[in-house]
Amino acid sequence: MLGGGQALWYGDLGLYFAPLLHFKSAALLSGPHPLWNPLVLGGTPFVGNPQAWPLYPSSSLLYVLSAERAVGVIGALHCLWAMLGTFLFLRR
């Protein structure tokens, strides 16, 4: 997803998380933080959904990046954070 919206595997990333980030991006840029996502079935809680990460610090990337690009950047940041933690753990 870092290279322009293409992924090796489409699964959960493309079918669930990318549309969720797209909804969050559109909602953040248009007004207050949404409590409810009306686009899934008859509507689902948005802030109460732990997989939506509505209050996660990486959500601030959606102000400057498109949702498709943010998915890749967030994934890369998580991998870098895990690599740093592993390095520090093994060094100790």
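Structural data are supplied above this passage.
Owing to the predicted nature of the structure, the values given are computational and were not obtained by experimental measurement.

Student: Help me get a handle on a nonpolar patch on the surface, residues and values and all.
Tutor: Residues Leu-35, Trp-36, Val-47 and Leu-55 make up a contiguous nonpolar surface patch of about 450 Å² in total accessible area. As for its placement among the helices and strands, Trp-36 is situated in strand β1 (residues 36-37).

Student: Give a detailed account of the packing of aromatic side chains, specifying residues and quantitative values.
Tutor: Inspection of every chain in the model, using the stated rule, returns one aromatic pair. Taking 5.2 Å as the distance between ring centres and 80° as the angle between the ring planes, the aromatic pair formed by Phe-23 and Phe-46 counts as edge-to-face. Highlighted residues: Phe-23 in helix α1 (residues 11-30) and Phe-46 in the loop between β2 (44-45) and α2 (67-91), separated in sequence by 23 residues. Accessibility classification places Phe-23 together with Phe-46 in one group, the buried group.

Cut-offs and rules
- Residues numbered from 1 in each chain as written.
- Predicted model: local features only at pLDDT ≥ 70, side-chain atom pairs only at ≥ 80, totals over all residues.
- Heavy atoms only, no water.
- Patch = residues over 30% accessible without salt bridge, like charges linked within 9 Å, V, L, I, M, F, W, Y side chains within 5 Å.
- Areas by Shrake-Rupley, 256 points an atom, 1.4 Å probe, with all protein chains shown as cover.
- Salt bridge = Lys/Arg side-chain N within 4 Å of Asp/Glu carboxyl O.
- Helix = DSSP H or I, 4+ residues; strand = E, 2+ residues; numbered from the N terminus.
- Phe/Tyr/Trp six-rings, centres within 6.5 Å; stacked < 30°, edge-to-face > 60°.
- Buried < 20%, exposed > 50% of the residue type's maximum accessible area, 1.4 Å probe, protein only.

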